[in-house]
Amino acid sequence: MSKSLLKGFEVELYTGRADGTVVGCSAEAAAALPGVVTEPDCRNLEYITAPEASYSKQLELLLEPRRQLRRWLQPKGLTLLPGSTLSLGDSAIFQRSDPNNPYHHYIETTYGTRVVTASVHINLGLENPEQIFAACRLLRCEAALLLALSASSPFLDGKPTGAHSQRWLQFPITPVQVPLFSGHSEYVAWMESQLSIGNMRNVRHLWSSVRPNGPDRPHGLNRVELRICDLITDPKQLLAITAYAELRLHQLLENPSQHDPLTASKLNLEELQLLADANDKAAASSSLDAVLLHWRDGEPLSARAWLENQIAEMRLWPGAKDLLPWLAPLDGILQNGNTAMNWLSRHKNGESISSLISTGATAMENEEIQEGESIKAKNVSPGAAINGGYLG
């Protein structure tokens, strides 16, 4: 495996009370804390980690902003909440973070609270545009697996929805049909067409499971952005999912003919687009128990079996050696279930949604404390935490 790729994260979080009630304060938090970004609805906010190849350093970059936010929230009687939807409501009302912002008005009137979700976007740096589009094709065809690992939104407005990722089912994919691009030139032409006919408001208005990204879209690109994952509050689980995605890209770069769906699939790109979108919906409904269609041949298998097979192959691949320790948390997810599955099991056994969210909030705080103590014990400098990083 060549050197580790640059990575950066965009983390969206809800704020609220310890009992799981969501309380919005993003405008005030953004004004008080450099690096905190508002969302159109005030109930969630975002922070961004700086691009960094090291997983150890990214661990602290992920946690230090949470500590800073928590210190600011505590005097207000508020905390950070897990989950990717408004688990305890109210999704009937949009709560604007900036009533005078015309873009926020557009979001509210066009999409309503369908967009009031929390998630984590994983950015992986690549320099060659054609490699970026090969990466987009592979990750788009396997995005359902990453959603299956990360699903954490089975509730909305105080009730189970019947899905494991209600967030992904309700979030408005824009434009509705996004191709698997054969290359950079096709992407540029498609983007210009979508903007000209009004399907997209601007170059950022491409909301799909995976997209190319960079400082001067659609022309200047430097990374692939995974947007499908629900919020993953356990930082080591997030880094495990990231390591899985990064290893898939290294396998692709080493042997593109074997791992690029453009050349390695029996299906054409139009068929792969439909397959990937259907797999995403299936994973949103049933996560690890979902029956998916493999992009190589269209044959069905469960998300759990696909992941187990792929991870077993990774562990035999010599190029995976450096990242294998970071994959370890995936074994626990596959064996014990993801957040949504565990919450649904506990809720079925009588635990309230408020208790589940409250327990998850406490676990988040404990993670921050434990990892901070571990870093101090190792005498590792935490470095910069909240930073510009991969924005947008």
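Use the structure listed above.
Residues numbered from 1 in each chain as written. Predicted model: local features only at pLDDT ≥ 70, side-chain atom pairs only at ≥ 80, totals over all residues. Heavy atoms only, no water.

**Section: the pattern of salt bridges**
A side chain of one charge can pair with a side chain of the opposite charge if their charged atoms are brought near each other. Under the convention used in this document: A side-chain nitrogen of Lys or Arg and a carboxyl oxygen of Asp or Glu constitute a salt bridge if their distance falls within 4 Å. By definition, any uninterrupted DSSP run of H or I lasting at least four residues is a helix, any uninterrupted run of E lasting at least two residues is a strand, and each is numbered from the N terminus. For every residue, the accessible area (1.4 Å probe, protein chains only) is compared with the maximum for its type, and the residue is labelled buried under 20%, exposed over 50%, or partly exposed between those bounds.
Applying the stated criterion to the full structure yields 19 salt bridges. Between Glu64 and Arg67 there is a salt bridge, with its nearest N and O atoms 2.9 Å apart. Taken together, the residues span about one helical turn, with Glu64 and Arg67 both in helix α2 (residues 55-73) at a distance of three residues. There is no split in this pair, since Glu64 and Arg67 are both buried. What emerges from the salt-bridge pattern is a single network uniting Glu60, Glu64, Arg67 and Arg71.

**Some details on the layout of surface pockets**
Note the cut-off: A pocket here means an open set of points on a 1 Å grid, computed over the protein atoms alone, that has protein on both sides within 12 Å along at least five of seven lines. A cavity is instead a set of points where a 1.4 Å probe fits but cannot get out; residues with an atom within 4 Å of a point line either one. Grid points are joined across faces, edges and corners, and a volume is the space filled by probe spheres set on the points. For this classification, the nonpolar set comprises Ala, Val, Leu, Ile, Met, Phe, Trp, Tyr, Cys and Pro, the charged set comprises Asp, Glu, Lys and Arg, and every other residue, Gly included, is treated as polar.
Estimates place the volume of the largest pocket at around 650 Å³. Surrounding the largest pocket, 32 residues form its lining, Glu12, Glu39, Pro40, Arg204 and Trp207 being those nearest its centre. If you list the elements that add at least two residues to the lining of the largest pocket, you get β1 (7-16), β2 (36-38), β3 (44-48), α3 (102-111) and α5 (166-170). Here the lining of the largest pocket takes three residues from α3, the largest share from any one element. Taken together, the residues of the lining of the largest pocket break down into 11 nonpolar, 11 polar and 10 charged.

**Some points on the environment of Gly89**
Rule in force here: Contacts are residue-level and defined by heavy atoms, with any inter-residue pair within 4.5 Å sufficient.
Relative to the elements of secondary structure, Gly89 occurs in the loop between β4 (79-81) and α3. For Gly89, a relative accessible area of 15% corresponds to the buried category. As for Gly89 and Asp157, which are separated by 68 residues in sequence, their C-alpha atoms are 3.8 Å apart. Apart from the residues within four sequence positions on either side, Gly89 is in contact with Val22, Asp157 and Gly158.

**A few points about the nonpolar core**
Worth spelling out the cut-off: Each nonpolar core is a collection of buried residues, namely Ala, Val, Leu, Ile, Met, Phe, Trp, Tyr and Cys, held together in the definition by side-chain atoms within 4.5 Å.
By size, the foremost hydrophobic cluster in this structure holds 108 residues, and its most contacted members are Leu13, Leu69, Tyr244, Leu249 and Leu330. At 15 residues, the largest contribution of residues to this core is made by helix α4 (residues 129-150). Those residues in contact with Leu330 that sit more than four places away from it in its chain are Leu149, Ala240, Ile241, Tyr244 and Ile311.

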